[in-house]
Amino acid sequence: MVDAKQREVVILNMVLLALAALSLGVAVWDVFSDTFRAGTDDLFLVLVCLMLALLFATPPLLWARANGLLKNPFAEEAVAEGGVEMEVVHEAHGGSDRQNIYVWGALLGLTIFEVFLAYMKVPLTLMVIILMGASIIKAALIVAYFMHLKFERLSLILTIVPTLVVLLCLFAILFPDSFRLQKMRPSEPMQSVEQKQEG
Amino acid sequence: MAEARAEGVMPNDWSGGALPYRVGHRKLGMWLFIMSDSLTFGALLVTYSYARVASVNWPTPFPFRPSIIFSTAMTFVLLSSSLTMVFAVSASKRQKRATARKWIAATMVLGLTFIVLHLMEWNHLIGEGLAPFELPEEWAKAFPGASPLFGSAFFGITGLHMFHVFTGVCYLGVIAARIKKLNDDVEVAGLYWHFVDLVWMFVFPLIYLLSVDYSGVLAK
């Protein structure tokens, strides 16, 4: 009975891994195919494939981790068995006042850096990238330390963070279309065109 | 759970009878709300970026004084309010209700300061002639062909954020008043407050810092 159950779990995980590999393969195939233009369609396809790959790969990876097949190289020596001791370890790490003040200082520092950057003569694209990068770091600091997500269970983190990232990326897929819209504008304002036609 | 372990099967949080996330229903509910609300702001900010890039010209009218000074001060105020909220949560976890209430009050004062500063900034811009679908005459001259959507993007996004701050101040007021009856509610309210702070971390650079009049077109 136990063997049958274990075999079932292994087979299901293998199927999921295969599906993850397939999704990854489609994404890679799209990037290297001749029709790749880095437009909205390609962005959509690649992102959705990567999302599916992540989705399919998560259960087998978690299973492998739970069974000791995968080890976190950054984990501390005292890896506790079961959740109770883990939480004790986390409590000891989580949310000391001094740590929170450091995070607050880092957030203020990053804000000053952003304001300073806004007055530098940096190309707009580069500025947007750096500003967004700094903002993502700030958001991560707030979520991890102030909102205490770093000290929650992995299942909660895995439910919240990837979902949000994927959904926001799906919104952002529409964004490159704005460049096309700008190019579609008539070179002269419509009013003058109409006046010419009337004249 | 114990049976599952004895059988050698992976202990499964999802097979029922357990709290898979090890958080209470209030906290989980707040996280779900935060996820949906961040999509609201995400949609607004993507739409704003879309409109901005697709426009022939997008005004960059904010002078260092007062707009950037004000918005930077607002950022500092909001970040500090997050820190006071963290202290409130940690005090409530240590069952120090009076201390928690004081820190919540400090958070509310900082939140109100944010709203007052923001309204002063709005008042200044409205005084210049900015409206949801109309640019001030000076701006229209300085930025030929500038999109009048600037006003709607500015007031829409910062207005919705300000509304969140206002709601947060009311929410914290209720939590502080009922702190004797409730337990993990301070932490849940803290999640909401930090989220409001987090949203501003994207609104501030996208709306203010990318609209800085660093060439001084309007000042001339």
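Residues numbered from 1 in each chain as written. Chains lettered and ligands numbered in written order. Predicted model: local features only at pLDDT ≥ 70, side-chain atom pairs only at ≥ 80, totals over all residues.

Q: Teacher, can you tell me more about the overall build of chain B here?
A: Per the secondary structure count, chain B includes seven helices and zero strands. Listed by position from the N terminus, the elements making up chain B come as α-α-α-α-α-α-α. Considered along the principal axes of its C-alpha atoms, chain B spans approximately 75 × 45 × 25 Å. Going through the 220 residues of chain B one by one, you find that 37% of them count as buried. For chain B, long-range pairs separated by at least 24 residues make up 73% of all intrachain contacts whose partners lie at least 6 apart in sequence. (Helix = DSSP H or I, 4+ residues; strand = E, 2+ residues; numbered from the N terminus. Buried ≥ 20, exposed ≤ 12 C-beta atoms within 10 Å, placed from the backbone. Contact = placed C-beta atoms within 7 Å.)

Q: Is there a simple way to think about the interface of chain A and chain B in this case?
A: Size of an interface: often given as the accessible area lost when the parts come together. The partner chain B presents 42 residues to the 46 residues of chain A that form the contact. Going through the elements one at a time, α1 (2–32), α2 (40–66), α4 (97–118), α5 (124–146), α6 (154–172) and α7 (177–184) of chain A are the ones with two or more residues in the side of chain A that touches chain B. Residues belonging to the side of chain A that touches chain B are distributed by class as follows: 28 nonpolar, eleven polar and seven charged. (Nonpolar A, V, L, I, M, F, W, Y, C, P; charged D, E, K, R; others polar.)

Q: Help me out: how do you make sense of the nonpolar core in this one?
A: The tendency in soluble globular proteins is for nonpolar side chains to be buried as a group. Counting residues in each nonpolar core, the largest one holds 70 residues, and the members touching the most others are B:Ala88, B:Ile104, B:Leu172, B:Leu191, B:Val199 and B:Val203. Mapped by element, the contributors of at least two residues to this core are α4 and α5 of chain A together with α2 (25–54), α3 (64–93), α4 (97–128), α6 (149–177) and α7 (185–208) of chain B. In terms of residues, this core owes the most to one element, α7(B), which gives 18 residues. If we skip the residues at most four places from it in the chain, B:Ala88 touches B:Ala100, B:Trp103, B:Ile104, B:Thr107, B:Val186 and B:Gly190. (Core = buried A, V, L, I, M, F, W, Y, C linked by C-beta atoms within 7 Å.)

Q: Looking at this structure, how should I read the confidence of the model for chain B?
A: When pLDDT is low, close inspection of the predicted coordinates is not appropriate. All names here are of chain B. Of the residues in chain B, 90% reach a pLDDT of 70 or more, and the chain-wide mean stands at 89. Within chain B, helix α1 (residues 2–6) has the poorest average pLDDT of any element, 45, and α6 the best, 96. With pLDDT under 50 throughout, residues 1–10 is counted as low confidence; its partners more than four residues away or in other chains account for 15 contacts. Interface confidence for the predicted complex, expressed as ipTM, amounts to 0.89; the pTM equals 0.80. (pLDDT = per-residue confidence, 0-100.)

Q: Sorry if this is basic, but what is going on with the packing of α6(B) against α7(B) here?
A: All names here are of chain B. As a packed pair, α6 and α7 sit with axes 10 Å apart at the nearest point and diverge in direction by 160°. Considering the angle they form, α6 stands roughly antiparallel to α7. Read as a crossing pair, α6 and α7 show a hand that is left-handed. Residues Phe154, Ile157, Thr158, His161, His164, Val165, Gly168, Tyr171, Leu172 and Ile175 of α6 form the contact with α7, whose participating residues are Asp185, Val186, Ala189, Tyr192, Trp193, Val196, Val199, Trp200, Val203 and Ile207. Per-class residue counts for the contact of α6 with α7 are 15 nonpolar, four polar and one charged. (Axes fitted to C-alpha atoms, helices over the stretch in contact; angles between N-to-C directions. Parallel < 35°, antiparallel > 145°, perpendicular 65-115°, else oblique. Left-handed = near helix turned anticlockwise from the far one by under 90°.)

Q: Honestly, the environment of B:Lys27 in this entry has me stumped. Any pointers?
A: Residues and elements named next belong to chain B. Positionally, Lys27 belongs in helix α2. The sequence separation of Lys27 and Trp122 amounts to 95 residues, and the corresponding C-alpha distance is 34 Å. Beyond its immediate chain neighbours, meaning those up to four positions away, Lys27 contacts Asp184, Glu187 and Val188.

Q: Can you help me understand the packing of α6(A) against α2(B) in this one?
A: When two helices pack together, their arrangement is given by the angle between their axes and by how far apart the axes lie. With their axes 10 Å apart at the nearest point, α6(A) and α2(B) run at an angle of 20° to one another. Overall, the two elements α6(A) and α2(B) adopt an arrangement that is roughly parallel. Both α6(A) and α2(B) take part in a crossing whose hand is right-handed. Residues A:Ile160, A:Thr163, A:Leu164, A:Leu167, A:Leu168, A:Phe171 and A:Ala172 of α6(A) lie in contact with α2(B), whose contacting residues are B:Trp31, B:Met35, B:Ser38, B:Leu39, B:Gly42, B:Ala43 and B:Val46.

Q: In this structure, what is going on with unusual backbone geometry? I would like to understand it.
A: Residue B:Pro66 is reached from B:Arg65 by a cis peptide bond, and omega for that bond is 5°. With respect to the helices and strands, B:Pro66 occurs in helix α3. The phi angle at A:His148 is positive, at roughly 65°, despite the residue not being glycine. With respect to the element layout, A:His148 can be found in the loop between α5 and α6. Owing to 19 C-beta atoms within 10 Å, A:His148 belongs among the partly exposed residues under this scheme. One non-glycine residue, B:Arg22, lies in positive phi territory at about 55°. Inspection of the secondary structure assignment puts B:Arg22 in the loop between α1 and α2. You can call B:Arg22 partly exposed: it has 16 C-beta atoms within 10 Å.

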